[in-house]
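# Fold and geometry: a report
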Amino acid sequence: MNTYNFTKICMQDDNSTMKVTYTKSQSNFLQSCVAIGSLAASIPFSVAFQYLPHKPVFIVAGVISGVSTALVPLASTIGYGWFVTARIFQGMAFSATFPLAGSITANWATPYEHGVFIGLLTGNTQLSNIFTMPISGWLCSSSGGWTSVYYVHAGVSLVTFLLFLLFFKSSPKEHSWVGEKELETIGKGKVAKKTSRPKDLPFRHILTSLSLWACWIASFGDLITVQLVSQFNPQYMKNYLDYDVLSSGFLAALPIIFQFLTKLSSGIISDWITFINETWKAKIFNTIALAVAAGFFIILAFIPQEKHLLAIIIMICAESVMGCNTAGFNKCATLHSQQYAYFSMQQDSEAVVGPLTSIHHNSVHIKAKNVILPLFEPSPQA
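This structure is a prediction, so every number in the text was calculated from the model and none was measured. (Residues numbered from 1 in each chain as written. Predicted model: local features only at pLDDT ≥ 70, side-chain atom pairs only at ≥ 80, totals over all residues. Heavy atoms only, no water.)

## Concerning the nonpolar core
Spelled out, the test is: As used in this record, nonpolar core signifies buried Ala, Val, Leu, Ile, Met, Phe, Trp, Tyr and Cys residues forming a set joined through side-chain atoms within 4.5 Å. The buried label applies to any residue whose accessible area, calculated with a 1.4 Å probe on protein chains only, is under 20% of its type's maximum; exposed applies above 50%, and partly exposed to all values in between. Strands here mean DSSP runs of E at least two residues long; helices mean DSSP runs of H or I at least four residues long; both are numbered from the N terminus. As used throughout, domain bounds are those supplied by an automatic or database domain assignment. By definition in these notes, contact holds between two residues if any of their heavy atoms fall within 4.5 Å.
If you look at the biggest cluster of nonpolar residues, it comprises 23 residues, and the most contacted ones within it are M11, F83, C140, W146 and Y150. Those elements giving two or more residues to this core turn out to be α1 (3–11), α2 (24–51), α4 (72–78), α5 (80–94), α8 (124–141), α9 (145–167) and α13 (245–272). Ranked by residues supplied to this core, first place goes to α1 with five residues. Residue-level mapping places this core at the junction of two domains, with at least three residues from each of domain 1 (1–190) and domain 2 (201–345). Beyond its immediate stretch of four places on either side in the chain, F83 contacts Y4, M11, Y22, L30, V72, A75, S76 and Y150. Membership of the second largest hydrophobic core comes to 17 residues, among which are A41, A48, F168 and I186.

Below, the structure is given as structure tokens:
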């Protein structure tokens with residue numbers, strides 16, 4: 001899905017082996033139409049994750065992603081509408097990513113490892129950009145041109161999904177590499193699951209939960225900034241700071257590397273901290289991820305064009321602290337929704353809804369935001 005964010009700066013280059021010219025509005029729509037696909041697929045994937053095993057559902061998304069990406073160069077030669085269609089299908093495939101992250105965390109993480117699991121799994125957005133930006137810069141500058149970016153990404157996508165098909169199991173109980181001792185550790189303290197997944201989502205709780213609206217606002221603010229950075233980092237490096245295509249690819253990936261490291265460390269730190277309750281930890285990390293990042297972006301807007309190094313440093317700071325969202329609304333969503341984590345994470349990714357209100361007899365009510373977090377084993381700390 002990220003391929004066009006970079007190739008747009010070399011597709012219309014006069015030196016391109018296959019130059020494609022679009023108006024500014026057409027180019028902007030090619031960037032935004034993936035959101036149409038993602039939103040359109042959110043309900044079908046929600047239904048699929050509700051009624052079907054999660055593994056084949058995600059495999060279908062992987063096939064859609066790989067095939068649609070491989071067809072982009074052909075679609076661009078046939079016509080603009082076909083290019084838009086391919087991009088929409090890329091967005092549809094992405095819609096399945098975060099539900100699976102929620103499902104894996106709910107099924108595989110111990111009650112006190114949700115932070116590190118969410119950090120690793122939602123870090124897919126950073127890891128993909130860390131790969132895409134420099135590789136795309138190199139490929140665009142090579143004899144293969146911008147079309148090779150799509151062929152390479154399609155190939156990598158299909159190979160990684162093949163590995164997923166071979167090794168992934170939805171539950172630790174199904175995996176031959178998980179021993180009895182590890183299985184006991186993973187399941188210890190969790191709320192017992194029902195033998196079958198409930199068929200109806202608690203929509204009434206979703207629409208009346210103050211927690212939902214708090215997380216909706218946080219995820220919306222976070223994701224519009226993530227999209228801004230993802231879409232315009234290469235352009236900022238090339239058109240504003242005046243770096244060449246190859247350098248723009250590597251420099252655009254640099255802040256994202258630091259953001260990924262922050263995501264991992266914030267998840268680990270959040271799990272490690274036990275003297276602060278979950279509500280305050282979520283508030284602190286959300287404030288760092290959103291308010292502190294906003295401050296750095298405001299500063300970046302006033303950096304003169306000739307101050308290249310300073311601009312890159314401020315951008316690294318701004319994007320790095322955004323990684324603290326792992327320990328904020330993302331972690332809250334999985335702790336909060338438990339068996340509905342696949343759905344709550346999807347809505348976080350769509351910036352539409354946050355964690356669900358799944359109330360159990362051992363839930364801990366935290367007054368500050370009226371958040372209900374099923375903390376599995378209530379402790380005096382909580």
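## Section: the UniProt feature "transmembrane region" (unreviewed entry) in the protein
Note the following rule: UniProt positions are given in the numbering used here, feature names are shortened, and annotations may be inferred rather than shown by experiment.
The UniProt record marks residues 29–49, 56–82, 88–109, 150–168, 206–229, 249–272, 284–303 and 309–329 with the feature "transmembrane region" (unreviewed entry), using the residue numbering of this structure. Within the segment residues 88–109, helix and strand shares are 86% and 0% respectively, and the terminal C-alpha atoms sit 33 Å apart. With 67% helix and 0% strand, the stretch residues 309–329 has end C-alpha atoms that lie 32 Å from each other.

## Observations regarding the pattern of salt bridges
Under the convention used in this document: Note on definitions: salt bridges are taken to be side-chain nitrogens of Lys or Arg within 4 Å of carboxyl oxygens of Asp or Glu.
Tallying each qualifying case throughout the model produces one salt bridge. As a salt-bridge pair, E278 and K281 come within 3.3 Å of each other at their nearest N and O atoms. Taken together, the residues span about one helical turn, with E278 and K281 both in helix α14 (residues 278–300) at a distance of three residues. Of the two residues, E278 and K281, neither departs from the other in class, the shared state being buried.

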